[in-house]
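Survey of secondary and tertiary structure
One letter stands for each residue in the lines below.
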Amino acid sequence: MTAVHVPGTPVIEDGLLVSTSPATGAEAGRLPVAGPQDVAAAVRRAREAGAWWSGLGSAERRRRLLRWRALLARRIDTLAELVHTEGGKPVADAVVEIVTAVEHVDWAARNAARVLGPRRVRSRLILAEHSAHLEYQPYGVVGVIGPWNYPVFTPIGSVAYALAAGNAVVLKPSEYTPAVGQWLVDSFAEVVPEQPVFTAVHGLGDVGAALCRSGVDKLAFTGSTATAKKVMAACAESLTPVLLEAGGKDAMIVDSDADLDAAAEACVWGAMTNAGQTCIGIERVYAVEPVFDAFVAKVVQRAGRLTVGADDSDVGPITMPSQLDVIRRHIDDALARGGRAVLGGPEAVRPPYVHPTVLVDVPEDSVAVREETFGPTLTVTRVRDADEAVRRANALSYGLGGSVFGRRQAVAIARRLRSGMASVNSALTFAGMSTLPFGGVGESGFGRIHGEDGLREFGRAKAITRRRARSLLPSTTFDRTPADVARLVKAVRAMYGR
Ligand code: NDP
C-alpha cells in the first residue's frame, strides 16, 4: 500500500521509514524500521565493537576520528544538500551547522587522551603513604537519541565525544531526519570499516524508547523537555545514567550601553536562523527603557528584509508540519492578551513557512513568552533596568543559553542569568566553542556535551590508590593500637583543629 505523503511528515511504508522535504515533498531517505529485536541486536553488536574500539587505544582512535573529521570537511556540500532536502534548512545554515560539528570532532579527537587518560593526582598528608591515580574509562555502549532541528550538530555533540572516550554508539535519529543520521554512520564506517562502532536504528518514538531499555550503558538524549522526562523514566528502570539536552526559551538582554546595530543583527540571526527552530534560539528580548524604541526599530528593519522560501532564502520552511499550529497559537495568544505585532502577525503563518514576526507589549504570562515557540518569532519587552531584565529572563523553568548586549555590566549580567551558557555581544556563540561545555539547567536538562566536561560525561571516573610506603599512622587495620588512634587524633587536631 502506498501512503499519501504530507510534505515533511515521515511515513512508514513496507517496513521502511520514508522522510520527505517539508518544502517540496521530495523523498529524502528510506530506511528500515528497527523492531525491539533489531535494537537489542544493534546494542549487542555495539558492545563487541566497543571492546575492540576501546582496545585500539587513544592514539589510534584519535587518528581515525581525525580522518572522519577530514572526510566530513571534504563532503560539506553533499551533506549540506541532504540536510537541506530532508529538513528544509537553507543550505547556508546547513553549512554553518556542519562546520561547527567538524570543529567538535576535531577537538574531541585531539583532547580525549589528555582529559580522560590515566594521570596521577596529589595525595594528601592523611594518606601520604599511598599514591593516587585517576582515569576515565569508557562506559561501553552509549545510546544517542537526537532531534531533527540540527541533525548533524546535535548528535555529533554526543557521538564524537562518546567515540573519543572509547565508547561504541548506537544512534536513534529523529524520524524527520533519518537519512542524515544514516549518512553520518556510513561516513564513519569508511574510516572504521572493521567493526560496527557507530550504528543507527531507525523508526518513531518507540524505537527511542526501546533504545532506553536496551541495556546501553549510558543514554544521551537531545530533544524536547516532555520526551526527556519519558527517557529519564525509562532509563530509571535499569539505573541507566542519562544526559539530557532539552528545550529552551532563551532570552537576550539589551543594556543601555549596548551597540544597538550589533545587538539587532545578532538578535535577528539568533532568533530566525533555521527558521527559529533552534534550542538555543533567542525567543525573548528584554531591552532597557532608554534604548527600547531604537532597538525595536532596528530589529524590525533587519527582520523585515529576510527572504522566505525553499531555495537560497534566509528563512526556510518549518520542518515539522504540526509545529505550525504551535507557532500560530503563540502569536494569537500574544495578540489576544494585548500584544502588538510590529512585524508579521497571524498572517505570517503560511504553511510550510512562517514569515518573521516581532511582537511587543506581550504580557509575561502569554505562552509566547513562557513556552518554546520554535519559529522565526520574537517578543521584545521594555524593562526599567538590567535588574528587571535578569529577573524576567530567569522567571521560567527553562535555562539553556542566553545573550547579553552591553559594555560595562554585560559580563556581570551574563553571570546572573540562570542558564548553562551565555554569549556576550553575540548570539549562540558558545555552541561553536568546542572548549566550552554545553548544557542547561532546570527544564532544559542536565549533564554537559562539548569541552572537557563533555568528554568526562562519556567516561566513568576510575580511582586507584597504590601503597608506596608503610603507614605511619595505621588506622584502617585491626592491628592498630589505642596509641595509634590517639596519635591520629593528635595529628588531625594539629592539621585541622585550628
Ligand atoms: P522530541 O523530544 O520530539 O524528539 C527527540 C528524539 O526523541 C527523537 O529522535 C524522537 O523520535 C525521540 N523520541 C520520541 N519519543 C520517545 C520516547 N518515548 N522515548 C525515547 N525517545 C523518544 O524533540 P524534537 O525532535 O521535536 O526536537 C526539538 C526539541 O529538541 C526542542 O524542544 C529543542 O529545544 C530541543 N533541542 C535541544 C537541544 C539542546 O542541546 N538542549 C538541541 C536541539 C534541540 P521521533 O522523532 O521518531 O519521535
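Residues numbered from 1 in each chain as written. Predicted model: local features only at pLDDT ≥ 70, side-chain atom pairs only at ≥ 80, totals over all residues. Heavy atoms only, no water.

Some words on the overall build of the chain
Rule in force here: A run of DSSP states H or I qualifies as a helix once it reaches four residues; a run of E qualifies as a strand once it reaches two. Both are numbered from the N-terminal end. Computation of the radius of gyration draws on C-alpha atoms alone. For the globule rule, the value is 2.2 Å times the number of residues to the power 0.38. Relative accessibility decides the category of a residue: with a 1.4 Å probe and only protein chains considered, values under 20% of the type maximum give buried, values over 50% give exposed, and everything between is partly exposed. Residue contacts are counted whenever heavy atoms from the two residues lie within 4.5 Å of one another. Shrake-Rupley sampling with a 1.4 Å probe provides the accessible areas, and residues are treated as covered by the protein chains on show and by no other component.
Check the secondary structure of the chain and you find 16 helices and 23 strands. Rg of the C-alpha trace for the chain: 25 Å, near the compact-globule value of 23 Å for 498 residues, within the 12% margin. Considering only C-alpha atoms, the chain reaches an extent of 85 × 60 × 40 Å along its principal axes. Buried positions account for 55% of the 498 residues belonging to the chain. Counted over contacts in the chain with a minimum sequence separation of 6, partners at least 24 positions apart contribute 70%. Of the roughly 21,200 Å² of accessible surface on the chain, 54% is carried by carbon and sulfur atoms.

Considerations on the layout of surface pockets
Note the threshold: A pocket, in this scheme, is an open set of points on a 1 Å grid over the protein atoms alone with protein on both sides within 12 Å along at least 5 of 7 lines, while a cavity is a set where a 1.4 Å probe fits but cannot get out; residues line either one if an atom lies within 4 Å of a point. Grid points are joined across faces, edges and corners, and a volume is the space filled by probe spheres set on the points. Charged residues are taken to be Asp, Glu, Lys and Arg, nonpolar residues to be Ala, Val, Leu, Ile, Met, Phe, Trp, Tyr, Cys and Pro, and polar residues to be all remaining types, Gly included.
Of the voids in this model, the largest pocket is the one considered here, and its volume is about 880 Å³. In terms of lining residues, the largest pocket is bounded by 40 residues, among which W148, F221, G223, S224 and T227 are the most central. At the level of secondary structure, the elements contributing two or more residues to the lining of the largest pocket comprise α7 (205-212), β9 (218-222), α8 (225-236) and α11 (323-336). Here the lining of the largest pocket gets 6 residues from one element, more than from any other, and that element is α8. The residue inventory of the lining of the largest pocket, partitioned by class, reads 18 nonpolar, 14 polar and 8 charged. One number sums up the size of the second largest pocket: a volume of about 310 Å³. Lining the second largest pocket we find 18 residues, and of these V96, T100, W269, L428 and A431 sit closest to its centre. Tallied by class, residues from the lining of the second largest pocket come to 9 nonpolar, 6 polar and 3 charged.

A closer look at the pattern of salt bridges
The test is simple: Whenever Lys or Arg places a side-chain nitrogen within 4 Å of a carboxyl oxygen from Asp or Glu, that contact is recorded as a salt bridge.
Counting across every chain of the model gives 29 salt bridges. A salt bridge links E452 to R114; the nearest nitrogen and oxygen atoms lie 2.9 Å apart. With E452 in helix α15 (residues 451-456) and R114 in helix α4 (residues 91-116), the pair connects residues that are 338 residues apart, well separated along the chain. In this structure, R487 and D484 form a salt bridge, with 2.5 Å as the shortest nitrogen-oxygen distance. Note that R487 and D484 are positioned in helix α16 (residues 482-496) at a spacing of 3 residues, about one turn of the helix. The network of salt bridges with common partners includes E60, R63, R64 and E194.

Observations regarding empty space enclosed by the protein
Taken as a whole and assessed by the stated rule, the structure comprises 4 cavities of 30 Å³ or more. Considered as a void within the structure, the largest cavity measures approximately 90 Å³ in volume. Lining the largest cavity we find 14 residues, and of these A251, R284, A393, G401 and R418 sit closest to its centre. At the level of secondary structure, the elements contributing two or more residues to the lining of the largest cavity comprise β11 (250-254) and β18 (398-399). Grouping the constituent residues of the lining of the largest cavity by class yields 5 nonpolar, 5 polar and 4 charged.

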